[in-house]
Amino acid sequence: MKPATLLSALTLLAGSSPAMGMSLGLRGNGHGGHSDFDLVGYGKDSPYGTTTGGKGGPAVVVTTPEELAAEASGDEPKTIILKGEFALQSRLSVGANKSLIGAGRGASITGSGINVYNTWNVIIRNLKISYILDNDGITVRNTTRVWIDHNEFESDMDGGPDKYDGQVDIIRAADYITLSWNYFHDHWKANLIGNGDDLRDVDFGHLHVTLHHNYYRNEGTRGPAGRFGHQHVYNNVYEDYLYQAIHSRSDNQVLVEGNVFRGNASEALSTYGLVIPMDSPNTSPDGDFEIDGYANLGAKNDWGPATINITQWGNFTHAPYRYKLTPLRQVEWTVKKGAGIGKI
Ligand SMILES: *[C@@H]1O[C@H](CO)[C@@H](O)[C@H](O)[C@H]1NC(C)=O
Ligand SMILES: *[C@@H]1O[C@H](CO)[C@@H](O)[C@H](O)[C@H]1NC(C)=O
Ligand SMILES: *[C@@H]1O[C@H](CO)[C@@H](O)[C@H](O)[C@H]1NC(C)=O
Ligand SMILES: *[C@@H]1O[C@H](CO)[C@@H](O)[C@H](O)[C@H]1NC(C)=O
Ligand SMILES: *[C@@H]1O[C@H](CO)[C@@H](O)[C@H](O)[C@H]1NC(C)=O
């Protein structure tokens, strides 16, 4: 690792990408779209305070998996700037009070994914995480306050639903998390929130997640699939989302608003308990039967060609924080332009 001052690290970030230009462009373009890329939602307004990641600590630049693993451990606040390509041989464990930020147009992670386990206050931005075979791209487990923003997740649909696991999964009472402006594509299972219907005692009352301005393209299921928690799902774009997109089950609650569905999308939102066989055929060849979840609709969605099936209306009708909806007719343009790496 190369020690760097915070100032030089930030200069490196700003100097090598159209970063500021992008957000200023959106702010100033008169389209009235989402005006900046600041943290919004449960990751910001939590009972534990806001997610700050490495703020207040030093910044370091890392260029190898070994340096990355060493810097990401421990609980001292630190901003870790990832430069280049990281072919991980084992999963990266991230400690508390860390920001992992890809430099410039984004750093890449392949091989193994990232564990954010039993910790708190973590930010992950501007990383391309692809073809992770050893578990999820990122697993957030028993952790509070996480912001996963402006990343790209890619693999392929060739090997069926069980070839890869999730892109970002949030499990075991993890709480107060925002997933924003990520580009999730070419993958079956995007975001599982709560990983078992037998985990009611662990998960119920946790799993508060905001998902906004994410771009999902050519995906199978779980965009997201939630159990026992609350998810606010707004202003996301779903293009070619082949099966269950937003699925709320096992007493989970979703508030769904201002989303856009395009292309070959079959089921935008459902709350029935059945987890279809296209979700995980190896573990449940006939599908899995759970109890139903709940949904509420806020601002109008554009379901495109997709259907919805709401079997139970819930009581999660308002998000308990301030946020700004992008007008529905601008969502597709704004999200496609702003999501993914090389934008912050
Ligand atoms: C990590 O951050 C929290 C605030 O979020 C702070 O209370 C704690 O002291 C930090 N840990 C260390 C080791 O600095
Ligand atoms: C959850 O994480 C906390 C640290 O934040 C730890 O003390 C606790 O043991 C963890 N619980 C489980 C079930 O792993
Ligand atoms: C839409 O996707 C489904 C599931 O993969 C597939 O069976 C169907 O042929 C696709 N339809 C179109 C028009 O591409
Ligand atoms: C909704 O799902 C339930 C449970 O699977 C099913 O019985 C019902 O027919 C579905 N409704 C529509 C309109 O598809
Ligand atoms: C919301 O609905 C759930 C499911 O019916 C229920 O368990 C919970 O107590 C309700 N919360 C409030 C504040 O009414």
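Just so it is clear, the structure is predicted and the values come from calculations on it, not from any experiment. The residue count restarts for each chain, going from 1 along the sequence in the order it is written. Just so you know, chain letters begin at A and ligand numbers begin at 1, following the order they were written in. Local features in a predicted model are, by the rule used here, given only for residues with pLDDT of at least 70; side-chain atom pairs are given and counted only at 80 or more, and totals for whole chains, interfaces and linings are based on all residues. Side-chain numbers come from the whole structure's heavy atoms, not from hydrogens or water.

This part takes up the pattern of salt bridges. The rule for a salt bridge is simple: a side-chain nitrogen of Lys or Arg has to be within 4 Å of a carboxyl oxygen of Asp or Glu. Under the criterion given, the structure shown has 16 salt bridges. A salt bridge links Asp162 to Lys189, with the shortest nitrogen-to-oxygen separation between them at 3.0 Å. With Asp162 in the loop between β13 (152-154) and β14 (168-171) and Lys189 in strand β16 (residues 183-189), this pair connects stretches of sequence that are 27 residues apart. According to the relative accessible area criterion, Asp162 is partly exposed, its value standing at 25%. Using a 1.4 Å probe on the protein chains alone, a residue whose accessible area is under 20% of its type maximum counts as buried, one over 50% counts as exposed, and one in between counts as partly exposed. Residue Lys189 is classed as buried on the basis of its relative accessible area, which comes to 4%. Notably, a salt bridge pairs Asp251 with Arg200, separated by 3.1 Å at the nearest N-O pair. Within this pair, whereas Asp251 is found in the loop between β23 (244-249) and β24 (253-257), its partner Arg200 is found in helix α4 (residues 200-203), the two being separated by 51 residues in sequence. According to the relative accessible area criterion, Asp251 is buried, its value standing at 18%. In the salt-bridge network here, residues are joined through shared partners; they are Glu239, Arg262, Asp302, Glu332 and Lys336. Counting from the N terminus, the helices are DSSP H or I runs at least four residues long and the strands are E runs at least two residues long.

Quick look at the environment of Gly159 now. Along the chain, Gly159 turns up in the loop between β13 and β14. In this structure the C-alpha to C-alpha distance between Gly159 and Trp188, which are 29 residues apart in sequence, comes to 9.5 Å.

It is worth spelling out the site of ligand 3 at this point. All residues in the neighbourhood of ligand 3 are listed as Leu242, Tyr243 and Asn264. Pairs of N or O atoms are called polar contacts if they sit within 3.5 Å, as long as, within protein, a hydrogen donor faces a hydrogen acceptor (for residues adjacent in sequence, only side-chain-to-side-chain pairs). Between Tyr243 and ligand 3, the recorded distance is 3.5 Å, taken from a side-chain N or O atom to an oxygen atom. A distance of 2.4 Å is found between an oxygen atom of ligand 3 and a side-chain nitrogen or oxygen belonging to Asn264. Surface accessibility in these figures is a Shrake-Rupley result with a 1.4 Å probe; residues are shielded only by whichever protein chains are displayed. Isolated, ligand 3 exposes 360 Å² of accessible area, and the fraction of that covered by the protein chains is 31%. One heavy atom suffices: a residue is near a molecule or strand as soon as one of its heavy atoms comes within 4 Å of it.

It is worth spelling out the packing of aromatic side chains at this point. Any aromatic ring pair is given by two values, namely how distant the centres are and how the planes are angled relative to each other. Centres within 6.5 Å are what make two rings of Phe, Tyr or Trp a pair, Trp counting through its six-membered ring; a difference in plane orientation under 30 degrees is then read as stacked, over 60 as edge-to-face, and the rest as tilted. Taken as a whole, this structure holds 15 aromatic pairs when the rule is applied. Each ring, one from Trp188 and one from Tyr243, has its centre 5.5 Å from the other, and the planes form 5°; the classification is stacked. Of this pair, Trp188 sits in strand β16 while Tyr243 sits in the loop between β22 (237-241) and β23, and the two are 55 residues apart along the sequence. Overall, the relative accessible area of 12% leaves Trp188 in the buried class.

This part takes up the confidence of the model for the protein chain. For every residue, the predictor states its confidence as a pLDDT score lying anywhere from 0 to 100. When the pLDDT values of the protein chain are averaged, the result is 91; 90% of them are 70 or greater. The weakest mean pLDDT in the protein chain belongs to helix α2 (residues 19-28) at 33; the strongest belongs to strand β18 (residues 208-212) at 99. Contact between two residues is taken to exist if any of their heavy atoms lie within 4.5 Å; hydrogens are not considered. Predicted confidence for residues 1-35 stays below pLDDT 50, and this span has 57 contacts to residues more than four positions away or in other chains.

Another aspect to go through is the pairing of strand β3 (residues 78-82). With five of its five residues buried, β3 lies for the most part within the structure. Paired strands, as defined in this entry, are two strands with at least two bridges between them according to DSSP. Pairing analysis gives four bridges linking strand β2 (residues 59-62) to β3, with the strands arranged parallel. From the neighbouring strand, Val61 faces β3, where its bridge partner is Ile81. Whether a crossover is right-handed depends on one test, that the path from the first strand over the helix to the second runs clockwise when the strands point away from the viewer. Traced from β2 through helix α3 (residues 65-72) to β3, the parallel crossover comes out right-handed. As paired elements, β3 and strand β6 (residues 98-102) share five bridges and run parallel to each other. Bridged to Ile81 within β6 is Ile101.

Time to look at unusual backbone geometry. For the bond from Gly223 to Pro224, the omega torsion is -5°, close enough to zero to count as cis. One non-glycine residue, Tyr131, adopts positive backbone phi at about 50°. Here Tyr131 is to be found in the loop between β10 (127-130) and β11 (138-141). With a phi angle near 65°, Phe228 is a residue other than glycine that sits in the positive phi range. In this structure, Phe228 sits in the loop between β20 (225-227) and β21 (230-234).

So, on to the pairing of β21. Among the five residues of β21, four are classified as buried, and the element is accordingly described as predominantly covered. As judged from the five bridges shared by β21 and β24, these two strands associate in the parallel manner. When the sheet's bridge partners are listed, Tyr234 is paired in β24 with Glu257.

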